[in-house]
Every structure is written in structure tokens, then in C-alpha cells.
Amino acid sequence: SQQGEEDPQALSIQEGENATMNCSYKTSINNLQWYRQNSGRGLVHLILIRSNEREKHSGRLRVTLDTSKKSSSLLITASRAADTASYFCACSMNTGFQKLVFGTGTRLLVSP
Amino acid sequence: EAGVTQSPTHLIKTRGQQATLRCSPISGHTSVYWYQQALGLGLQFLLWYDEGEERNRGNFPPRFSGRQFPNYSSELNVNALELEDSALYLCASSLGTSGRIQETQYFGPGTRLLVL
């Protein structure tokens, strides 16, 4: 089963609005990463937040992590049409195995 | 600096055939990961290679196999293809583990496999 589950499954907004995507996971993690995927192509790494961090920023991206609730959120501010993509959270767990367990993704559509 | 490259971009096979997919990691990366992204199922971890050895595999049958070469490039082989193997296969690379916690993975553009 997927470690990460994202909410919402799909989100449609207008340019300039903010987009918030949430990810919940089940077990303890080392870190949580967010990726973007355009039209079924390769994934682009956006940001990594470690289990001892609570918030991280990168440009228009803001990621929060609440380990007590086993959840993370990705906020994209002042969205652009080019932000249209699927967004995935991926968990690196405390298993010692080097793999990422991906969520089901949120499909974001930003209309001009 | 070149990113992760994969070939071919598209591959069409028929049931029962074998498929070979190739991946070249970012220069300096020794770990290679393979994922399957079937329609509507999200990314599923397939295999992880590091320093030429298979370190971990996901919940896939043995007909999914691969190897990593001395130059750290990798092949994914899928034998006895089935219709449900149709998917986007993504390769990712990262710096070697050396016992360190998970590094960021950088993904290639993928190979889209269609089994008819």
C-alpha cells in the first residue's frame, strides 16, 4: 500500500491564487520529499524536508511537516499556468532501505 | 551537467516478449533506482542498485530483473511481458549511500512501454 496519500486528488485554480496540497503518511520517516511531474514525464525534485524540520521554503514553495500528525503540506504561492502538473510526496522511511515510497499524487490545473 | 537519461523513450512489445530498458545516471552518482508508474497506480518501487549490486527490490515477480554496470549505468529487463506491464518506467539516480540516509533522487524522463 502507498505510504503517502495526497489530498486533494485534483485541484483547479486560477493564476495568481495559492495552491495547497496535503500528504499523510503512516510510519516514521527520515525525510519527506515533494516532486512534480509534467504530463507523464520524469519527476522533478522540488524540496526535501527532514524529520527534525518543521518548515522549509524554496522560491514560491513552502513545505511544512508535522510528524505528530504524520502529515505534510505543499503550498505554491501566486500560481502560474506553468505550475500545472501532478505533485507527489515521497517518504524515506526508517527501514535502512534506500527507496522512496510515493503518494498517489495531486493533479494541479492552473488556468490563465 | 547532463541529467539522468533513459532509452528508448517509447517501446512497443507483444505479450510474451522481453523488454530491455536502459538508464544512465548523473555523473558521480552510484545509486540507480527503477520505478514503475502504471496508469492510475502511482509510482511503485522496483529495484535499487548501488555500486554494481542489487540492494533492494520491490514487490514484483522475478521476471523483472536488472543489473548495474561498472560505469553505474543500468538495465531493466522484463521477461515474458504481460499486458499489465504497460507503464512508464522511471529511472532515478542519487549519490552513493555509504550508510547515509536517503539522498535526493533525480529522475530521468522515463521509457513508456506498451505491451500489445
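Computed from a predicted structure; not experimentally measured.

Caption draft 1: A look at the sheet that holds strand S3 (residues 19-24) of chain A. Residue and element names in this part refer to chain A. With respect to topology, five strands assemble into an open sheet ordered S1-S3-S8-S7-S6, the strand pairing being antiparallel. Only two strands of the sheet have a single partner each, and these edge strands are strand S1 (5-7) and strand S6 (55-58). Strand-to-strand, the axes of this sheet are offset by a mean angle of 15°, without reference to chain direction. Relative to strand S8 (residues 71-76), S3 is paired through six bridges, and the arrangement is antiparallel. Across the sheet, residue Cys 23 finds its bridge partner in S8, namely Ser 72.

Caption draft 2: Region of the structure containing the layout of surface pockets. What the largest pocket holds in volume is close to 590 Å³. What lines the largest pocket is a set of 22 residues, and nearest its centre among them are Gln 37, Ser 86, Phe 88 and Arg 107 of chain A together with Gln 37 of chain B. Those elements that place two or more of their residues in the lining of the largest pocket are strand S9 (85-93) and strand S11 (106-111) of chain A together with strand S4 (31-38) of chain B. The residue makeup of the lining of the largest pocket, split by class, is eight nonpolar, 12 polar and two charged.

Caption draft 3: Region of the structure containing the nonpolar core. Residues and elements named next belong to chain A. Counting residues in hydrophobic clusters, the biggest one holds 24 residues, and the most contacted among them are Met 21, Leu 32, Trp 34, Leu 74, Ile 76, Tyr 87 and Leu 108. Of all the secondary-structure elements, those providing two or more residues to this core are S3, strand S4 (29-37), strand S5 (43-50), strand S7 (61-66), S8, S9 and S11. If you tally residues by element for this core, the top one is S9, at five residues. Sequence-distant contacts of Leu 108, defined by excluding residues within four places in its chain, comprise Leu 11, Ile 13, Ala 19, Met 21, Ile 76, Asp 83, Thr 84, Ala 85 and Tyr 87.

Caption draft 4: Broad picture of the pattern of salt bridges. All names here are of chain B. All chains considered together, the criterion is met by nine salt bridges over all chains. Residue Asp 50 is joined to Arg 55 by a salt bridge in which the shortest nitrogen-to-oxygen separation is 3.9 Å. A salt bridge links Glu 82 to Arg 63, with the shortest nitrogen-to-oxygen separation between them at 3.4 Å. Residue Glu 82 is located in the loop between strand S8 (74-78) and strand S9 (87-94), and its partner Arg 63 is located in the loop between strand S6 (53-57) and strand S7 (64-68); the two are separated by 19 residues in the primary sequence. The partly exposed category is assigned to Glu 82, whose relative accessible area is 33%. One salt-bridge network, held together by shared partners, links Arg 22, Arg 67 and Glu 75.

The rules behind the values
Residues numbered from 1 in each chain as written. Chains lettered and ligands numbered in written order. Predicted model: local features only at pLDDT ≥ 70, side-chain atom pairs only at ≥ 80, totals over all residues. Heavy atoms only, no water. Pairing = 2+ DSSP bridges. Helix = DSSP H or I, 4+ residues; strand = E, 2+ residues; numbered from the N terminus. Axes fitted to C-alpha atoms, helices over the stretch in contact; angles between N-to-C directions. 1 Å grid on protein atoms, 1.4 Å probe; cavity = no way out; pocket = protein on both sides within 12 Å on 5 of 7 lines; lining within 4 Å. Points joined across faces, edges and corners; volume = space filled by probe spheres on them. Nonpolar A, V, L, I, M, F, W, Y, C, P; charged D, E, K, R; others polar. Core = buried A, V, L, I, M, F, W, Y, C linked by side-chain atoms within 4.5 Å. Buried < 20%, exposed > 50% of the residue type's maximum accessible area, 1.4 Å probe, protein only. Contact = heavy atoms within 4.5 Å. Salt bridge = Lys/Arg side-chain N within 4 Å of Asp/Glu carboxyl O.

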